[in-house]
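# Topology and contacts: notes
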There are 2 protein chains.
Amino acid sequence: VTVERIALRVGETESVLWLGRGLLGDAAGRLVSPSGRFLLVSSRAARSSADRLRPAFGRALILDLEIEDSEEAKTLDSVREIADRAFHAGVRRDDAFVAVGGGVVTDLVGFAAAIVLRGVTWNAVPTTVAGMADAAIGGKTGVDHSLGKNLLGAFHPPRAVVIDPSAAATLPDRDYRSGLVEAFKGVWIRDAESSARAEELLPAILTRDEEALLELVAAAARIKVDIVCSDPKERGERRLLNFGHTLGHAFEAAGSYRELRHGEAVAWGIAAALTISRDRAGLSEAHAARVREVLALLGPFPEPVRSAEILRPLLSRDKKATARGLAGVLLEKIGRARVDEDVPEAEWLAAAATASFGVSARGSSR
Amino acid sequence: VTVERIALRVGETESVLWLGRGLLGDAAGRLVSPSGRFLLVSSRAARSSADRLRPAFGRALILDLEIEDSEEAKTLDSVREIADRAFHAGVRRDDAFVAVGGGVVTDLVGFAAAIVLRGVTWNAVPTTVAGMADAAIGGKTGVDHSLGKNLLGAFHPPRAVVIDPSAAATLPDRDYRSGLVEAFKGVWIRDAESSARAEELLPAILTRDEEALLELVAAAARIKVDIVCSDPKERGERRLLNFGHTLGHAFEAAGSYRELRHGEAVAWGIAAALTISRDRAGLSEAHAARVREVLALLGPFPEPVRSAEILRPLLSRDKKATARGLAGVLLEKIGRARVDEDVPEAEWLAAAATASFGVSARGSSR
């Protein structure tokens, strides 16, 4: 088994990212706990992964908790429940959480670890493609609020992240494909070579080839590591990771977080951002078409709500909105993105109305 | 008006502490908000201070919220309520909270600021003696849990702390005296000269002389600043600030947080720690007597629960407990304290049983 080890420093925390097939059966030795004791929190969907991990803990396991992993469960109440169970288990400052599951689980457990006893160690074992490529890396944790996603949270990086593509084997196809959108997003904003390679690998990835999946996920994870190390608190470059997310979050909210998976909403958000990128950032139609083609192969995705009346108030709630306006991440070419500080709301809404994965969506009219 | 300005760096945050009589009427210019917009959160008890502050904000005030400041209200639900109101007011990442009140208010608002949008700026305007000398300085924020105090929280220092002794003018006498315990604690652990000076000032302080109060509070605040700058996350020296708190927290919990004020419980905790300090840290009877005499003048305090059966489980919940055992802060002499890592529980319980402010409490038996 080939194991890749990436050490990173996010803010004040030293983290290690482990990547390799079959790591799950061998993960316990890579997880970090100052006391040697662990609190395992996993989702039902990730049960088979948790089962492979559990035996290695033996008596060091002081809590073994299964939680909901739906977006509806990503609330402060769920964090409180995790904290309650940890306190009743006698958690101490030198103990460590282990989150096994998708982005909801790692966001919840990471946030609980951030505030229990004002901060204890945690580890992430992502079991979804989006978790491996994106959510579990970089230290953003948090929960949703009725007014928007991730409105409450903390920066609290995991000390270890163990990425084993076999953990994704039991994912439903829709979740698997939705997660791939985030993985492709990572390479599109920063790495032309990996983007081209991932396009080649896509047929194998779609047939669940674990080596091919690992290659894409590892490329996306390395990019995320690079970016969050240089900008842990999202003051500059880290904002590039929000490519497709400005409208993506609005699409997701417009569907009440039920109609579209996160990655599906981001796919529509990317399609819209491509239009703005052609107008404002010089993106060529050839590159836009390559991105759309990948998204078309990852789909089909359910239609989003496109109504300006519905999207406008959701856009203005964007967490990155400041007194200066709404920033947008634009693609200059495959492998290079930039942030435009003041993309007018009207342009977002127009792009939302026409977003598509058809290769010549706007071609004939221009 | 003499204004003292102390700049400090706690973790990654640059803070400024302002000290002076009458600062409240002039505070707005000293409070920090990247956007220029503020969210004011105050307690009913601090209404007169909030009233003095409010006019200066003008239209920059996007939220003006009055909250409960009892220990019972120091819960995650209160933080959620503050966050809810902030989101409905349209809080953005570059806005800032202002907390006006005692330790409960600054702990709650600081914690809300730590997790709203993963962290926004906040400012503290403490209106209690304990808040000025201790609670509002250093970045610890948090809420209580049914299993103990401050079990959920974050390190998130305020950018500005404005300390005006006149804010304490409307404090009930019991709260005023209770808060003085924390102020004396600060000088006792670190500054023999200020301790002696504070003893001289005590009669004036007890008659509410604002200059005298400011002198003690400023000495305690400077000590706290020194300590938290050298050890923001409480890995070493900062633990000295817990002098009297190991048993203090247990006394407080044993009285269900209703029978004893925090400072009163700490006074009993200090009295008990003096006994252990004489046995283990060479504290002289003369110095122990000076400390007890001050505490006697700040009292009388209600009797604590002394039962070992009740205190034992409360002690073992101490947040600073690690796999190694229960650490204790001991006084070597007035102005110098140290941490003993493993003071046996039995010694704490024995000291709790006999703690008193009588000058010769154990004298005759030794």
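Here we summarise the structure given alongside this text. The model shown is predicted, which means the values in this text are computed figures rather than measured ones.

### Here we look at the nonpolar core
Grouped together as the largest cluster of nonpolar side chains are 270 residues, with contacts concentrated most on L17 and F97 of chain A together with L17 and F97 of chain B. Contacts of F97 of chain B, omitting those with residues within four sequence positions, involve L39, V41, I82, A86, V109, A113, V120, T121, W122 and N123 of chain B.

### A few points about the relation of the copies chain B and chain A
In screw terms, the move from chain B to chain A is a rotation of 180° and a rise of 0.0 Å along the axis, fitting with an RMSD of 0.0 Å. Between the two chains, the operation in question is that of a two-fold axis. Comparing interface residues between copies, 100% of those in chain B also sit at the interface in chain A, which points to an isologous, same-surface contact.

### Some details on the sheet that holds strand β3 (residues 38–43) of chain A
All names here are of chain A. Here we have seven strands laid out as an open sheet, ordered β1-β2-β9-β6-β5-β3-β4, and mixed in their pairing. Single-partner strands in this sheet number two, and they are β1 (4–10) and β4 (61–67). Averaged over neighbouring strand pairs, the angle between their axes works out to 15° when direction is ignored. Across five bridges, the pairing between β3 and strand β5 (residues 96–101) is parallel. Within β5, the position partnered with L40 by the bridge is V98. Where helix α3 (residues 103–115) meets the sheet, its contacts fall on β3, β4, β5 and β6 (121–126), and the angle it forms with β5 comes to roughly 165°. Contacts between helix α7 (residues 210–230) and the sheet are confined to β1, β2 (13–19) and β9 (160–163), with β1 contributing the most and set at about 25° to the helix.

### Some words on helix α10 (residues 285–298) of chain B
Residue and element names in this part refer to chain B. For α10, which comprises 14 residues, the first-to-last C-alpha distance of 20 Å matches the rise-based estimate of 20 Å (1.5 Å per residue) to within 8%. Regarding α10, the residues found buried are A288, A289, V291, R292, V294, L295 and L298. The inward-facing, buried residues of α10 contact α5 (173–188), α6 (192–206), α9 (262–280) and β10 (328–333).

### Observations concerning the packing of aromatic side chains
Residues and elements named next belong to chain A. Counted by the stated rule, this structure contains eight aromatic pairs over all chains. Relative to F57, the ring of F38 lies with its centre 5.0 Å away and its plane at 45°, an arrangement referred to as tilted. Placement of the pair is F38 in strand β3 and F57 in the loop between α1 (47–53) and β4, with a sequence separation of 19 residues. With respect to burial, F38 and F57 carry one shared label: buried. By way of ring pairs, the aromatic residues W268, F301 and F357 are connected into one cluster. It is R30 that lies over the ring of W18; its NZ or CZ is 4.7 Å from the centre. The ring of Y176 carries the charged tip of R208 above its face, separated from the ring centre by 4.0 Å.

### A look at the pairing of β1 of chain A
Residue and element names in this part refer to chain A. Looking at chain direction, β1 and β2 are connected through seven bridges and run antiparallel. Residue R5 lies in a different strand from β2, and its bridge partner there is W18. What sits between β1 and β2 in their antiparallel hairpin is a turn of two residues, with G11 showing a positive phi close to 60°.

Scoring rules and cut-offs
Here, residues in each chain are numbered from 1, in the same order as that chain's written sequence. As a convention, the first chain written is A and the first ligand written is 1, with the rest following in written order. Local features in this predicted model are restricted to residues whose pLDDT is 70 or higher, and side-chain atom pairs enter the listing and the counts only when it is 80 or higher, whereas totals over whole chains, interfaces and linings include all residues. Working from all heavy atoms in the structure, the side-chain values ignore hydrogens and water. Residues belong to one nonpolar core when they are buried, are Ala, Val, Leu, Ile, Met, Phe, Trp, Tyr or Cys, and are joined through side-chain atoms within 4.5 Å. Relative accessibility decides the category of a residue: with a 1.4 Å probe and only protein chains considered, values under 20% of the type maximum give buried, values over 50% give exposed, and everything between is partly exposed. Two residues form a contact once any of their heavy atoms are found within 4.5 Å. When the copies are superposed, the least-squares fit takes in the C-alpha atoms of residues with a pLDDT of at least 70 in both. Note on pairing: DSSP must find at least two bridges between two strands before they are called paired. The helix and strand labels rest on DSSP assignments: H or I over at least four residues marks a helix, E over at least two residues marks a strand, and numbering proceeds from the N terminus. The convention used is that axes are lines fitted to C-alpha atoms, helices contributing only their stretch in contact, and that angles between N-to-C directions extend from 0 to 180 degrees. One less than the number of residues in a helix, times 1.5 Å, gives the span that helix is expected to have. Stacked, tilted and edge-to-face are the three classes assigned to paired rings of Phe, Tyr and Trp, where Trp is represented by its six-membered ring and a pair needs centres within 6.5 Å; plane angles under 30 degrees give stacked, over 60 edge-to-face, the rest tilted. We count a charge as sitting over a ring when the NZ of a lysine or the CZ of an arginine lies within 6 Å of the ring centre and within 35 degrees of the ring normal.

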